[in-house]
Amino acid sequence: MPESNHTPANTADVIVVGGGNAAFTAAHAAAVRGRKVLLLEKAPRELFGGNSYYTAGATRIAHNGLADLADFIEPDERHAVTEVPAYSVEDYVKDMEKVTGGRNDAALTEVLAAESAAGLRWLHSLGLRYRLMYERQAYERPDGTYLFWGGLHVGNVGGGEGLMHDHLRVAERLGAEVRFGQDVVGLVAEGGAVVGVTVREEGGAVVRLRAESVILAAGGFEASRELRAEHLGPGWENAKVRGTPFNTGQMLTAALGLGAARGGDWSTCHSTQWDAFTPGNESNRELTNRLTRQSYPLGIIVNALGERFVDEGEDFRNYTYAKLGRAVLEQPGSIAYQIFDATLRPLLRSEEYDMPGISVETAPTLEALARRIGVDPEALVKTVNDYNTSIDLSIPFDPNIKDGRAARMIPAKSNWATPLATGPFYAYPVTCGITFTFGGLKSDTHGRVLDTDGREIPGLFVCGEMLGGLFADNYPGGSGLAAGVVFGRRAGSLA
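Given the structure is predicted, the values throughout are model-derived calculations rather than measurements. (Residues numbered from 1 in each chain as written. Predicted model: local features only at pLDDT ≥ 70, side-chain atom pairs only at ≥ 80, totals over all residues. Heavy atoms only, no water.)

Participant: Looking at this model, I keep getting lost on the overall build of the protein chain. Mind explaining?
Facilitator: Helix and strand counts for the protein chain stand at 13 helices and 23 strands. The globule rule puts the C-alpha radius of gyration for 495 residues at 23 Å, and the 23 Å found for the protein chain is close to it. Taken along the three principal axes of its C-alpha coordinates, the protein chain extends 70 × 50 × 40 Å. Restricting to contacts in the protein chain with at least 6 residues of sequence separation, those with at least 24 account for 74%. As presented, the protein chain carries roughly 17,900 Å² of accessible surface, and 50% of it is formed by carbon and sulfur atoms. (Helix = DSSP H or I, 4+ residues; strand = E, 2+ residues; numbered from the N terminus. Rg over C-alpha atoms; globule rule 2.2 N^0.38 Å. Contact = heavy atoms within 4.5 Å. Areas by Shrake-Rupley, 256 points an atom, 1.4 Å probe, with all protein chains shown as cover.)

Participant: Quick question: what am I supposed to make of the sheet that holds strand β9 (residues 154-156) here?
Facilitator: Pairing between the strands of a sheet comes from backbone hydrogen bonds, and it takes one of two forms, parallel or antiparallel. Overall, antiparallel pairing links the 3 strands, which are arranged β4-β9-β6 in an open sheet. Of all the strands in the sheet, just β4 (58-59) and β6 (130-132) have a single pairing partner and so form its edges. Bridging between β6 and β9 involves 3 bridges; their strand directions are antiparallel. Among the inter-strand pairings, Arg131 is bridged to a residue of β9, identified as Gly155. (Pairing = 2+ DSSP bridges.)

Participant: I would appreciate a short explanation of helix α3 (residues 89-100) in the present structure.
Facilitator: Given 3.6 residues per turn, any residue in an α-helix points the same way as the ones three and four places further on. The end-to-end C-alpha separation of α3 is 17 Å, in line with the 16 Å expected for 12 residues at 1.5 Å each. Residues of α3 that are buried include every one of Tyr92, Val93, Asp95, Met96, Val99 and Thr100, and no others. Seen end-on, α3 carries its buried residues on one side only, within an arc spanning 160 degrees. More than 90 degrees from the buried face of α3, the exposed residues found are Glu90 and Lys94. (Expected span 1.5 Å × (residues − 1). Buried < 20%, exposed > 50% of the residue type's maximum accessible area, 1.4 Å probe, protein only. Arc of directions from axis to C-beta.)

Participant: Even after reading the chapter, I still don't get unusual backbone geometry, so can you show me in this structure?
Facilitator: What is expected of a backbone is that most residues other than glycine have negative phi and most peptide bonds are trans. Omega for the bond connecting Ile410 with Pro411 falls within 30 degrees of zero, at -5 degrees, which places this linkage in the cis form. Looking at the secondary structure, you find Pro411 in the loop between α12 (377-389) and β20 (425-437). Note that the residue after Gly423, namely Pro424, is joined by a cis bond; omega there is 0 degrees. Along the chain, the position of Pro424 falls in the loop between α12 and β20. One non-glycine residue, Ser334, lies in positive phi territory at about 55 degrees.

Participant: How should the packing of helix α1 (residues 21-31) against helix α4 (residues 106-126) be read in this particular structure?
Facilitator: Axis angle and axis distance: for two packed helices, these are the angle between their axes and the distance between the axes, and together they describe the pair. Contact pair α1 / α4: the axes reach a minimum separation of 12 Å and the direction vectors enclose 70 degrees. In this view, α1 runs roughly perpendicular relative to α4, as classed from their interaxial angle. Residue-level inspection shows Thr25, His28 and Ala29 of α1 in contact with α4, the latter providing Trp122, Leu123 and Leu126. Residues belonging to the contact of α1 with α4 are distributed by class as follows: 4 nonpolar, 2 polar and no charged. (Axes fitted to C-alpha atoms, helices over the stretch in contact; angles between N-to-C directions. Parallel < 35°, antiparallel > 145°, perpendicular 65-115°, else oblique. Nonpolar A, V, L, I, M, F, W, Y, C, P; charged D, E, K, R; others polar.)

Participant: What should I look at first to understand the packing of α1 against helix α6 (residues 159-174) in this one?
Facilitator: Between α1 and α6, the shortest axis-to-axis distance is 10 Å and the interhelical angle comes to 25 degrees. When the interaxial angle is binned, α1 and α6 end up roughly parallel. Seen from above, α1 lies across α6 with left-handed handedness. From α1, Asn21, Phe24, Thr25, His28 and Ala31 reach across to α6, where they touch Leu163, Met164, His167, Leu168, Val170, Ala171 and Leu174. Taken together, the residues that form the contact of α1 with α6 break down as 8 nonpolar, 4 polar and no charged. (Left-handed = near helix turned anticlockwise from the far one by under 90°.)

Participant: Explain the packing of aromatic side chains here, please?
Facilitator: Any aromatic ring pair is given by two values, namely how distant the centres are and how the planes are angled relative to each other. Across all of its chains, the model carries 20 aromatic pairs by this definition. Both rings, one in Phe48 and one in Phe180, keep their centres 6.1 Å apart while their planes meet at 75 degrees; by these two values the pair is edge-to-face. A residue pair is termed long-range when its members are at least 10 positions apart, and Phe48 in the loop between β3 (37-40) and β4 and Phe180 in the loop between β10 (177-179) and β11 (183-190) qualify at 132 residues. According to the relative accessible area criterion, Phe48 is buried, its value standing at 1%. Arranged with centres 6.0 Å apart and planes meeting at 65 degrees, the rings of Phe340 and Tyr428 form a pair that is edge-to-face. Here the residue Phe340 occupies a position in strand β18 (residues 336-340), and Tyr428 occupies one in strand β20, the gap between them amounting to 88 residues. No difference in accessibility class separates Phe340 from Tyr428, as the two residues are buried. Clustering of aromatic rings is evident, with ring pairs tying together Tyr321, Phe436, Phe438, Phe471 and Tyr475. Over the ring of Tyr319 we find Lys98; its NZ or CZ atom is 4.3 Å from the centre of that ring. (Phe/Tyr/Trp six-rings, centres within 6.5 Å; stacked < 30°, edge-to-face > 60°. Lys NZ or Arg CZ within 6 Å of the ring centre and 35° of its normal.)

Participant: Explain the pairing of β11 to me, please; I cannot follow it from the model alone.
Facilitator: Looking along a regular strand, one sees side chains alternate from face to face of the sheet. Note that β11 and strand β12 (residues 193-200) share 7 bridges and pair antiparallel. Considered in β12, the bridge of Val188 is made with Gly196. Counted between consecutive antiparallel strands, the loop separating β11 from β12 contains 2 residues, among which Gly191 sits at a positive phi close to 60 degrees.

Participant: How should helix α13 (residues 479-494) be read in this particular structure?
Facilitator: Spanning 16 residues, α13 covers 23 Å between terminal C-alpha atoms, matching the ideal 22 Å at 1.5 Å per step. Of all 16 residues in α13, 12 are buried, a share of seventy percent or more. Every buried residue of α13 is accounted for by Ser479, Leu481, Ala482, Ala483, Gly484, Val485, Val486, Phe487, Gly488, Arg490, Ala491 and Gly492.

Participant: What am I meant to see in the pattern of salt bridges here?
Facilitator: A side chain with one charge may pair with a side chain of the opposite charge, provided their charged atoms come close. This model, assessed by the stated rule, comprises 29 salt bridges. Close ionic contact of Asp68 with Arg121 constitutes a salt bridge, the shortest N to O distance being 3.4 Å. Of this pair, Asp68 sits in helix α2 (residues 66-69) while Arg121 sits in helix α4; the two residues are 53 residues apart in sequence, bridging distant segments of the chain. Look at Arg121 and you get partly exposed, because its relative accessible area is 25%. The closest approach of N and O atoms between Arg131 and Glu135, which form a salt bridge, is 2.8 Å. A relative accessible area of 37% means that Glu135 is categorised as partly exposed. Taken together, the shared-partner salt bridges connect Arg60, Asp95, Lys98, Asp315 and Lys402 into one network. (Salt bridge = Lys/Arg side-chain N within 4 Å of Asp/Glu carboxyl O.)

Spelled out as structure tokens, the structure:
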């Protein structure tokens with residue numbers, strides 16, 4: 001259809017492109033300043049929420065312990081017997097540097113760590129709800145107490161689904177206009193400044209919408225098989241898309257076409273171990289994050305040859321899970337199996353390992369288990385026996401700390417090594433689930449998009465997964481939602 005001219009009804013002070021946590025945070029920040037805000041969500045109403053909808057809602061923030069969190073988390077009778085270690089700004093920065101190998105943007109990281117808690121408190125004041133994530137970040141100890149671990153303690157009530165419904169409710173109350181089914185296909189520029197967007201609406205009409213500022217929060221390119229293959233490399237076209245199917249990199253391409261500079265690492269991404277065989281294991285609105293398999297530090301992971309290939313206990317899950325999808329993708333057939341025995345099975349996350357329709361094989365012996373998953377029985381038994389006999393059993397097993405209970409083999413398992421000796425045995429088949437791509441647009445610390453000469457592009461802002469520079473190779477759990485809050489708020493406060 002021909003493009004129509006804009007009309008006053010199509011104008012706003014601020015246009016936000018995207019519909020996840022970062023987009024709505026930016027919209028709120030602009031709306032509370034009295035800006036007329038228009039948020040354009042590519043998905044239809046029944047599929048709204050971006051990648052954020054598919055998360056568990058975990059958000060990494062700096063804080064001084066449980067007492068420091070009490071003003072904005074939901075009350076829980078377990079708080080009286082719970083220890084939440086302080087997690088400082090310095091801890092946050094060091095974790096970001098550690099998992100990215102120092103490839104994170106230092107200035108963006110400092111802002112993220114310093115403003116993460118304030119961002120959640122601000123959202124809470126608007127109506128979002130938070131709680132301690134007992135089922136994901138703490139094991140109950142023998143004395144009935146709880147110890148949180150891994151620097152990640154707070155999440156949204158209702159997970160990602162609750163997060164996004166809270167955001168939508170707040171946007172409506174603040175007067176931001178939210179339009180669904182809006183496929184933004186381009187940016188409108190005049191005199192070097194961005195002054196609006198071109199949109200294909202639900203009915204097919206193409207219109208121009210003008211605004212003083214445009215905030216891009218439309219995610220990466222993880223849902224594009226072609227762009228995954230181009231930037232991530234061979235094999236990535238076969239990864240399973242964990243979240244929204246609408247993040248195809250369209251707005252990244254549009255911004256780069258206007259001269260925006262690339263930011264961050266375009267060759268790596270956030271990817272996890274993902275249920276390999278359950279039907280509907282991509283962009284599943286009902287099961288969302290339950291298709292992930294994140295109790296792997298307790299057991300071992302083997303490939304189709306029956307061989308271990310990673311250190312399952314290298315660190316707390318929060319610091320390793322986002323790189324293990326890639327490790328599985330590189331294995332024969334891009335398939336691996338998490339192996340547990342009867343003693344470990346009760347410790348597995350119920351929300352994931354008791355999921356309806358889960359892919360799992362169970363057998364009374366390792367030999368029988370191997371046959372059921374198509375692995376050579378002799379190879380699997382040898383791997384498990386070598387693992388069992390290499391464990392230093394003099395060190396107590398404690399999943400709440402890095403206990404140093406290692407399996408001294410190649411590859412080593414650095415913590416939480418426990419013999420797999422008691423039937424029945426369990427095998428959970430996993431493949432690579434891609435979450436989001438790390439490469440994005442380059443900006444200053446306020447989300448102002450920079451061009452290839454390092455100059456600000458007037459009128460254009462970025463936040464969320466489109467903001468490049470924070471992550472490379474790996475990712476500390478919960479820092480993505482936190483970044484969406486911090487830089488969404490910053491962009492919306494200026495736009």
